[in-house]
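# Summary of structural features
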Amino acid sequence: MMTRTTSAHVVGAGAAGAFAALALLREGVNVTLVDAWEPGHAAAASGGEHRILRSSHGTDEWYAKWAYEARFGWMRLAEETGQELFVQCGSVALAKRGNTAWEDASAEVLARNGIPHFIAPAEELGARLPITDSADIEYGLWEPEAGLIYAGRATSAAVDQFQREGGKLIRGNVSTNSQERPQLNGAPLKSDLIVMACGAWMGDLFPRTVRRHVNVARQNIIMISPPPGDSRYDASSFPCWIDHGNGAFGIPAAGGFGFKAALIWHQLAIDLEREDRLVDATTIARTRRYLEMRFPELTGRPITQIAVGQIANTADTHFIIDRHPVHTDVIISAGDSGHLFKHGPVVGEYIASLGLGKITTDDRFRLRDRTSATGAGRPQ
């Protein structure tokens, strides 16, 4: 007979940890949420300006359905906290001519699951995306109910709601001993359940169990000032976009932030504890070249903001959500692979259900050897 869980520590106040803490609390568990810094802090993967929420995930139906369900979780949190957290500006995946496998697969999955979308053929893109050079685009895969989440604000809102409902938040330094047992400020963590959701730091915390499964990469972001008086780059006029053919994605100007662009460049390593969060000149030059190609009117426009984050990639891009192989009261959430944030409300409920013994984890989330997936099979 399983012992009832009455107490829990959740370590890491990012999207996964905050929503796991809130879900456990709503199940009647006495929950303490622990973080080394303030919720939504600048160095966290769940901090910073904003993230895309879209359901397109190639052939993978699980993540497509999770993302669409999570959208309602973010909207619920916005209602509970009275804050604007989600902006429904839509998103478009630009299917590059000769390289449309991921978008083709995504469209099929969205259709099977009744997730709103439509295909905008090449001849419509000039009118729908007037600021974009779409000469090399076969079609646009549109999700009108997608959009952006204000990341740092939303993460802090989830933690605030957790506290309003009676949860306890503390600041502390969590480490693990030689047996990978979690410790808080050098003393063993004592509760029925421990959830470890520390993002890119998980490999260092669990060197035997997690490190070999994840590769931590730097993600550089730049934001550009649109031309003065021009609202075509705003979220009210332009969607978020994914440009797989060029390894890029971006978010329209919203919330006082500029027009955001990022190039996917997973070869860049980052030292989480010693490296300054500064975007290097090479990334700036590469991103400018991309913007000049895709958004010609932004040529020469000034950079208004830069940001540096990190992505803990697994080889197959699936999350790790599983019990520690030795310490079965410890749940590990790791390997966000750059696409966990959007799923935050659903991931939190999944972690809580696993911790309370209501479910066993799906094979895709298990601590196991992982092989690379390519093309349409990658859920990102």
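Here's what I pulled together on the structure shown here. Small disclaimer: the values here were computed from a predicted structure and weren't measured.

## Observations concerning the sheet that holds strand 9 (residues 168-171)
The mixed open sheet is built from six strands, whose spatial order is 9-2-1-13-20-19. Only two strands of the sheet have a single partner each, and these edge strands are strand 9 and strand 19 (320-323). Taking the axes of each pair of neighbouring strands and ignoring which way they run, one obtains an average angle of 15° across the sheet. Pairing geometry for strand 1 (residues 7-11) and strand 13 (residues 193-196), over four bridges, is parallel. Bridge pairing links His-9 to Ile-194 in strand 13. Against the sheet, helix 1 (residues 15-26) touches strand 1, strand 2 (30-35), strand 13 and strand 20 (330-334), its axis set at about 170° to strand 2.

## As for the sheet that holds strand 14 (residues 214-224)
Sheet architecture is open: eight strands sit in the order 6-7-5-15-16-17-14-18, paired in mixed fashion. The strands lining the two open edges of the sheet, one partner per strand, are strand 6 (118-121) and strand 18 (303-314). Between one strand axis and the next, the sheet turns by 20° as a mean value, whatever way the strands run. The pairing of strand 6 with strand 7 (residues 137-143) spans four bridges and is antiparallel. In the sheet register, Pro-121 faces strand 7, and the bridge partner there is Tyr-139. Running at roughly 30° to strand 7, helix 3 (residues 101-112) makes contact with strand 5 (91-96), strand 6 and strand 7 of the sheet. The strands touched by helix 7 (residues 281-294) are strand 5, strand 7, strand 14, strand 15 (240-243), strand 16 (248-251), strand 17 (259-263) and strand 18; relative to strand 14, the strand with the most contacts, the crossing angle is about 60°.

## Section: the packing of helix 1 against helix 8 (residues 344-355)
It is at 7 Å that the axes of helix 1 and helix 8 come closest, and there the two elements cross at 55°. One element, helix 1, and the other, helix 8, form an angle in the oblique class. Seen from above, helix 1 lies across helix 8 with right-handed handedness. Seen from helix 1, the contacting residues are Ala-15, Ala-16, Phe-19, Ala-20, Ala-23 and Leu-24; seen from helix 8, they are Gly-344, Pro-345, Val-347, Gly-348, Glu-349, Ile-351 and Ala-352. Looking at side-chain class alone, the contact of helix 1 with helix 8 contains ten nonpolar, two polar and one charged residues.

## Details of unusual backbone geometry
Of note, the phi angle at Glu-180 is positive, near 65°, even though the residue is not glycine. Structurally, Glu-180 can be placed in the loop between strand 10 (174-176) and strand 11 (182-184). A positive phi is found at Asn-185, a non-glycine position, where the angle reads about 50°. When its relative accessible area of 55% is taken as the criterion, Asn-185 is described as exposed.

## What about the environment of Phe-341?
Counting through the fold element by element, Phe-341 comes out in the loop between strand 20 and helix 8. A relative accessible area of 9% places Phe-341 in the buried class. Between the C-alpha atom of Phe-341 and that of Ile-149, which follows or precedes it by 192 residues, the distance is 9.2 Å. Beyond its immediate chain neighbours, meaning those up to four positions away, Phe-341 contacts Ala-15, Ser-46, Arg-51, Trp-74, Ile-149, Ala-151 and Thr-155.

## A few points about the environment of Thr-132
With respect to the secondary-structure elements, Thr-132 resides in the loop between helix 4 (122-128) and strand 7. C-alpha of Thr-132 to C-alpha of Gly-58: the two residues are 74 residues apart in sequence and 23 Å apart in space. When sequence neighbours within four positions are dropped, the list of residues in contact with Thr-132 reads Phe-238, Arg-294 and Phe-295.

## Description of the nonpolar core
Grouped together as the largest cluster of nonpolar side chains are 48 residues, with contacts concentrated most on Leu-24, Trp-66, Trp-74 and Ile-321. Counting residues per element, the ones that place at least two in this core are strand 1, helix 1, strand 2, helix 2 (61-81), helix 5 (151-164), strand 13 and helix 8. With ten residues, the single largest contributor to this core is helix 1. In this structure, Val-34, Met-196, Leu-263 and Ile-270 belong to the second largest nonpolar core, which totals 44 residues.

## Section: the packing of helix 2 against helix 8
Direction vectors running N to C along helix 2 and helix 8 enclose 105°, while the axes themselves pass 6 Å from each other. Classed by the angle they form, the pair helix 2 and helix 8 counts as roughly perpendicular. Between helix 2, through Trp-62, Trp-66, Glu-69, Ala-70, Gly-73 and Trp-74, and helix 8, the contact on the second element is made entirely by Gly-344, Pro-345, Val-346, Val-347, Glu-349 and Tyr-350. When the residues that make up the contact of helix 2 with helix 8 are grouped by side-chain class, the tally is eight nonpolar, two polar and two charged.

## Quick look at the pattern of salt bridges
Counted under the stated rule, the structure contains 20 salt bridges. In this structure, Lys-358 and Glu-27 form a salt bridge, with 2.7 Å as the shortest nitrogen-oxygen distance. Taken as a pair, Lys-358 in the segment after helix 8 and Glu-27 in the loop between helix 1 and strand 2 lie far apart in primary sequence, 331 residues in all. One continuous salt-bridge network, built from bridges that share partners, spans Arg-26, Arg-76, Glu-80 and Glu-165.

Conventions used here
Residues numbered from 1 in each chain as written. Predicted model: local features only at pLDDT ≥ 70, side-chain atom pairs only at ≥ 80, totals over all residues. Heavy atoms only, no water. Pairing = 2+ DSSP bridges. Helix = DSSP H or I, 4+ residues; strand = E, 2+ residues; numbered from the N terminus. Axes fitted to C-alpha atoms, helices over the stretch in contact; angles between N-to-C directions. Contact = heavy atoms within 4.5 Å. Parallel < 35°, antiparallel > 145°, perpendicular 65-115°, else oblique. Left-handed = near helix turned anticlockwise from the far one by under 90°. Nonpolar A, V, L, I, M, F, W, Y, C, P; charged D, E, K, R; others polar. Buried < 20%, exposed > 50% of the residue type's maximum accessible area, 1.4 Å probe, protein only. Core = buried A, V, L, I, M, F, W, Y, C linked by side-chain atoms within 4.5 Å. Salt bridge = Lys/Arg side-chain N within 4 Å of Asp/Glu carboxyl O.

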